[in-house]
Amino acid sequence: MRNQTFLRIVSLTVFIGIYAGAQTDKKAATESLPTPAAEPVKVVAESGQVNETALEVSTLKTYSESNLIPNGDFSNWLRNKELPEDWSYGSKDPRQDKASTIVPYEGRTYDNWRAVKQTWHKNDGAESVFRQFGVTLSGLAKNTRYRLTLKSKNPSGRVVRVAVWSVVDSANQKVERINSFLITVGKSDDLVDYWADFDSGESDTIRIVTLCADSQFPVEVVWDKFTLARVPEQSESLVRNGRLGNWPDGQRLPIHWTHAVGYTLQNMPSLIERYKGNTPAPGYVAVQTWRESDVADSIYKQFGQTIENLKPHTHYRLSVKALNLSDWTAMVAVWGVDSSKESQQNLSPAFILVRPSKEFGFLDYSGEFDTGSYSTIRIVTCSRKAGTKVAWTAFEMNEMGPSKSPLPNTP
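In this text the structure is predicted, and so the values were computed from the model without any measurement. (Residues numbered from 1 in each chain as written. Predicted model: local features only at pLDDT ≥ 70, side-chain atom pairs only at ≥ 80, totals over all residues. Heavy atoms only, no water.)

### What to know about the pairing of strand S6 (residues 116-120)
Counting buried positions over the five residues of S6 gives four, a clear majority of the element. Bridge count between strand S5 (residues 100-104) and S6: five bridges; the pairing is antiparallel. By the bridge assignment for S6, serine 100 is matched with tryptophan 120. The pairing of S6 with strand S14 (residues 219-230) spans five bridges and is classified as antiparallel. Counted as the bridge partner of threonine 119 is glutamate 220 from S14. (Buried < 20%, exposed > 50% of the residue type's maximum accessible area, 1.4 Å probe, protein only. Helix = DSSP H or I, 4+ residues; strand = E, 2+ residues; numbered from the N terminus. Pairing = 2+ DSSP bridges.)

Next up, the structure:
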């Protein structure tokens, strides 16, 4: 296989971790995985039969994704400035009282970067969207589906919302609501993930705003990591049972997922069980607790799913929600699979790194990769450390389009 192209993967961090413009996340990092020994592996089919399958595996290359919201993570905020760069709020007339104050959040965030603390002193739900705290974006595609994601903390539980408006005439501040209030922020003492989809309609300019429609004040909310991205045209995820909702009672694993093939229950490197807390999305959540490292195991012994009949030389995006309840990092990797070869190889870093996050709840992670010459891949989770404990749910994968240009120094 000397002529086989093995494609690199670059690790990506939290999907909801907002990137400024087309920059990649400042906190991205990589961790190399050991190369598992070449071996035939036993694959449990959905019928329950065990098949002897010899595999060659290669990790796939990935591309950075961009956030359409400028300064969505508020990292560009000069000390002498009232607001983060690119964000606006209130009237330019100093005589007009503002409904809320905007200051940097002094508490701890997941990545220790900036966040906004907004404190309302009165209702601004009926104000002009240009007087509400927000950001205006131009150059969007018309009649296109977009996804807005953000993190927020609302200890009071008062009525706080995020809305998206179409800017019809910016000079005269004429706007039209794209749909009903896009996101309502629930009561929470910790930063929580929110997301919603909308259609851009006939305008290529929108304004995203925050507002409070309550009658009791003060109301204090923390905002972090606003992201806007175009939703792939293919809306149905290619991961089967990605939200783990098809998980019959008494069955060890969700349908379409495999784990620890060839192990007994007593010597499995990790255990899979249902999560008993509140879930961030419809379906179940799988809690994986590692007894020992499994990074050198066959990918068919790691928890994961094999996806077939993909398009070679095509760009895909994988996303997952995860809550890391431990002090150790877990990883999600994507491998290209060639069933005609009798070897496995892992030559590249982890695809997605899931770091400790129990203070922040479930976080969104995503990465983009190219299938290269492969039509079959396997998505797996793994960890180097005993005691790692992660709750997984909402695995989604969508086709993004034809291959992009190769990454620099990619063989």
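### Topic: the sheet that holds S14
In spatial order, the strands read S5-S6-S14-S8-S12; together these five strands make up an open sheet with antiparallel pairing. The outermost strands of the open sheet, each flanked by one partner alone, are S5 and strand S12 (192-199). In this sheet, adjacent strand axes meet at a mean angle of 30° when their direction is disregarded. (Axes fitted to C-alpha atoms, helices over the stretch in contact; angles between N-to-C directions.)

### Some words on the side chain of aspartate 297
When you line up the elements, aspartate 297 lands in the loop between strand S16 (286-290) and strand S17 (304-307). Only 2.9 Å separates the side chain of aspartate 297 from the side chain of tyrosine 263, close enough to count as a polar contact. (Polar contact = N/O pair within 3.5 Å; in protein donor to acceptor, adjacent residues only side chain to side chain.)

### Here's the deal with the nonpolar core
In this structure, Val239, Leu318, Phe369, Ile377, Ile379, Trp392 and Met397 are the most contacted members of the largest nonpolar core, which totals 35 residues. Among the elements of the structure, S16, strand S18 (314-324), strand S19 (330-338), strand S20 (352-354), strand S21 (363-370), strand S22 (377-383) and strand S23 (389-402) are those that each provide at least two residues to this core. Leu137, Leu140, Leu148 and Phe226 belong to the second-largest nonpolar core, a separate cluster that totals 34 residues. (Core = buried A, V, L, I, M, F, W, Y, C linked by side-chain atoms within 4.5 Å.)

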